[in-house]
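# A closer look at the structure
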Amino acid sequence: MGEERPERFAPTSGRVMGLLGLTLSLGVVGIGLVDRDGIADWVIAACALLALLFWAAMLRPRVSLVGDDLVLRNMLETVTIPLAAVEELAVRQLLAVRAGDRRYVSPALGKSRRALRRPAGGGAARVGRTPTSPDRIHDVDYTDFVENRIRQRMEDARAARGIRPSSQEQVALASEVRRSPAWPEVVGVLVLSTALVVTLL
C-alpha cells in the first residue's frame with residue numbers, strides 16, 4: 001500500500017497583496033535593468049529585496065499534512081512536527097501549535113477579526129454538500145474545516161502509536177520536531193540587503 005498523498009491547504013490571507021507587491025516590485029526591477037539610466041541602482045536593489053520579502057512573507061507560507069507530520073512552511077524556515085506530538089492547536093489570527101514546551105505558529109492559516117467575532121456556524125463559506133441531501137448545501141468555514149482535519153489526523157496519529165494526550169510519550173515525541181531553514185530565501189535576503197547597502201554608499 002502506497003503512502004498517503006500530502007494534503008496541502010490553501011493559505012487564507014495575504015495572497016492578493018503578496019502577488020500585487022511581488023508584481024510591482026519585479027516590474028520596477030525589470031524596468032531598471034532595461035533602462036540603466038532611468039532608475040537608480042539602490043532603487044533596483046530595494047525593489048528586488050521587497051519582491052523577495054513579499055514572496056517569503058505572503059506567498060511562501062503554507063500548512064500541509066505529509067504522512068504523520070504537520071508541516072508549517074513559514075517565511076524563512078519549514079517546521080515539521082509529528083502529529084502525535086501536538087498537545088494544543090488553535091486557529092485565531094494565526095495557526096498556533098504547541099508540542100512539548102515549544103510553540104510554533106504559521107501565518108498561512110488564520111481568521112479575520114470579523115470571523116473571530118462571528119458566532120460559531122454563522123455566515124460561513126459554503127464548501128460542501130450533505131451526503132443525504134445533495135441539493136442542500138451546508139455552511140462550513142474553510143478555516144474550521146482545515147482545523148478539524150488537522151485535529152482528526154492528530155487523533156489518528158496518536159491512536160496508531162498508542163499515545164495518550166499529555167502523556168510522557170507524547171512529550172518525548174516532541175523531540176522529533178525538525179526545523180529546516182529556507183536557504184534560498186535566507187541567502188537571497190542577505191545578498192540583496194548587502195547589495196542595497198553597497199548601492200547606497
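In what follows, the structure referred to is the one given above.
The present account deals with the structure reproduced in this document. Values in this document were obtained by computation on a predicted structure and should not be read as measured data. (Residues numbered from 1 in each chain as written. Predicted model: local features only at pLDDT ≥ 70, side-chain atom pairs only at ≥ 80, totals over all residues. Heavy atoms only, no water.)

Helices and strands together make up the secondary structure of the chain, namely six helices and ten strands. Looking at the chain residue by residue over its 201 residues, the buried ones come to 37%. Counted over contacts in the chain with a minimum sequence separation of 6, partners at least 24 positions apart contribute 55%. Only carbon and sulfur atoms are counted for the fraction: they give 57% of the accessible area of the chain, which is about 12300 Å². (Helix = DSSP H or I, 4+ residues; strand = E, 2+ residues; numbered from the N terminus. Buried < 20%, exposed > 50% of the residue type's maximum accessible area, 1.4 Å probe, protein only. Contact = heavy atoms within 4.5 Å. Areas by Shrake-Rupley, 256 points an atom, 1.4 Å probe, with all protein chains shown as cover.)

A few words on the sheet that holds strand S10 (residues 178–181). Taken in spatial order, the five strands make up an open sheet running S1-S2-S3-S4-S10, and their pairing is antiparallel. Either end of the sheet is taken by a strand with one partner, and the two such strands are strand S1 (7–9) and S10. The mean inter-strand angle of the sheet, taken between neighbouring strand axes irrespective of direction, is 15 degrees. Note that S1 and strand S2 (residues 62–66) share three bridges and pair antiparallel. From the neighbouring strand, Glu7 faces S2, where its bridge partner is Leu65. (Pairing = 2+ DSSP bridges. Axes fitted to C-alpha atoms, helices over the stretch in contact; angles between N-to-C directions.)

A contiguous nonpolar surface patch, about 320 Å² in accessible area, is contributed by Met17, Leu20 and Leu24. Structurally, Leu24 is set in helix H1 (residues 15–34). (Patch = residues over 30% accessible without salt bridge, like charges linked within 9 Å, V, L, I, M, F, W, Y side chains within 5 Å. Salt bridge = Lys/Arg side-chain N within 4 Å of Asp/Glu carboxyl O.)

Attention now goes to the packing of aromatic side chains. Two numbers describe a pair of aromatic rings. These are the distance of the centres and the angle of the planes. Counted by the stated rule, this structure contains one aromatic pair. The interplanar angle of 35 degrees and the centroid separation of 6.3 Å between the aromatic rings of Tyr142 and Phe145 together place this pair among those described as tilted. Of this pair, Tyr142 and Phe145 both sit in helix H4 (residues 142–161), three residues apart, which is roughly one turn of the helix. Residue Tyr142 is classed as partly exposed on the basis of its relative accessible area of 26%. (Phe/Tyr/Trp six-rings, centres within 6.5 Å; stacked < 30°, edge-to-face > 60°.)

Our next topic: the nonpolar core. Formed by 27 residues in total, the largest nonpolar core has its most connected members in Val63, Leu70, Leu72, Ile81, Leu89, Leu95 and Ile150. Going through the elements one at a time, S2, strand S3 (69–73), strand S4 (77–82), strand S5 (88–91), strand S6 (95–99) and H4 are the ones with two or more residues in this core. Once residues within four sequence positions are removed from consideration, Leu70 is found in contact with Val63, Ser64, Leu65, Val79, Thr80, Ile81, Leu83, Val97 and Ile150. Counting six residues, the second largest nonpolar core, distinct from the first, contains Ala45, Leu49, Leu52 and Val189. (Core = buried A, V, L, I, M, F, W, Y, C linked by side-chain atoms within 4.5 Å.)

On to the pairing of strand S7 (residues 102–106), then. Direction of pairing for S6 relative to S7: antiparallel, over a ladder of five bridges. Directly across from Ala96, in S7, lies its bridge partner Val105. Between S6 and S7, which follow one another and run antiparallel, lie two residues, and Gly100 among them has a positive phi close to 65 degrees.

With that settled, consider the environment of Pro11. Among the structural elements, Pro11 can be located in the loop between S1 and H1. In this structure Pro11 comes out as buried when scored by relative accessible area, which is 15%. Setting aside residues up to four positions removed in sequence, Pro11 forms contacts with Pro61, Arg62 and Ala108.

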